[in-house]
Amino acid sequence: GESVGLHLPTLSVQEGDNSIINCAYSNSASDYFIWYKQESGKGPQFIIDIRSNMDKRQGQRVTVLLNKTVKHLSLQIAATQPGDSAVYFCAETLSGYSTLTFGKGTMLLVSP
Amino acid sequence: GAVVSQHPSWVICKSGTSVKIECRSLDFQATTMFWYRQFPKQSLMLMATSNEGSKATYEQGVEKDKFLINHASLTLSTLTVTSAHPEDSSFYICSASQALAKNIQYFGAGTRLSVL
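Reference entry: report on the structure contained in this document. (Residues numbered from 1 in each chain as written. Chains lettered and ligands numbered in written order. Predicted model: local features only at pLDDT ≥ 70, side-chain atom pairs only at ≥ 80, totals over all residues. Heavy atoms only, no water.)

On to the sheet that holds strand β5 (residues 56-58) of chain A, then. Residue and element names in this part refer to chain A. A sheet is described by the order of its strands in space; here four strands give the open sequence β2-β7-β6-β5, paired in antiparallel fashion. Whereas interior strands pair on both sides, the edge strands pair on one side only; in this sheet they are β2 (19-24) and β5. For this sheet, the mean inter-axis angle between neighbouring strands, taken without regard to orientation, is 15 degrees. The pairing of strand β6 (residues 62-67) with strand β7 (residues 72-77) spans six bridges and is classified as antiparallel. When the sheet's bridge partners are listed, Leu66 is paired in β7 with Leu73. (Pairing = 2+ DSSP bridges. Helix = DSSP H or I, 4+ residues; strand = E, 2+ residues; numbered from the N terminus. Axes fitted to C-alpha atoms, helices over the stretch in contact; angles between N-to-C directions.)

Moving on: the pairing of strand β5 (residues 44-51) of chain B. Strand residues, when the strand is regular, have side chains that alternate between the two faces of the sheet. Residues and elements named next belong to chain B. Along β5, six of the eight residues are buried, which leaves the element largely enclosed by surrounding structure. Alignment of strand β4 (residues 32-38) against β5, held across seven bridges, turns out to be antiparallel. Bridge pairing links Met33 to Ser50 in β5. Between β4 and β5, which follow one another and run antiparallel, lie five residues, and Lys41 among them has a positive phi close to 60 degrees. With two bridges joining them, β5 and strand β6 (residues 57-58) adopt antiparallel strand pairing. (Buried < 20%, exposed > 50% of the residue type's maximum accessible area, 1.4 Å probe, protein only.)

The next thing to look at is the pairing of β4 of chain B. Residues and elements named next belong to chain B. In terms of burial, β4 is largely enclosed, as seven of its seven residues are buried. Neither face of β4 is exposed, since Thr32, Phe34, Tyr36 and Gln38 on one face and Met33, Trp35 and Arg37 on the opposite face are all buried. Pairing analysis gives seven bridges linking β4 to strand β9 (residues 90-98), with the strands arranged antiparallel. Bridge pairing in β9 links Gln38 to Phe91.

See the structure below:
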């Protein structure tokens, strides 16, 4: 499946701030979630993932939070840098199932 | 590891011609490959899923005779846009996954197609 949005939400932050990007996913049965970063003119890059048996997972400067009750996912980026400027997509799927459903995406703009 | 190479990165063609885009997994065997289309400021739209040696499964609304997909080996899939028209201009992205980690897709860098 696919998720298409006509308007890309934008989050503008200052360098050094913490950023929080939100995503509402669609399928309550989804049990695996991934955040991707897409820079202009490039393909998506894997950032971090989380399974539904967890509600928080931390990586380097990034944290993903999962709230299954309200079908909500968030990506927190600590000490945001200009190089973090990109479009961020969440994706959901079922374990053992290969197709991803992408969210609409959020553009993160980091100013120096 | 897990690198997916997509070629070409940019192509301009005349209306009515066909264009082939290649997607290769460089360091792993891609049992499944995916082709997406992306319009400006929009999300990725899945066009089709292909398993090695099988016919591709197309999403609803995607013309299989227009977008020919071949996945002849575990490291190569191709998308051919046949008789391209200006409305086919878009950013096309491939991804690949492995049998033991089906959920994780590794993406190519995308191909910008401009049809004149």
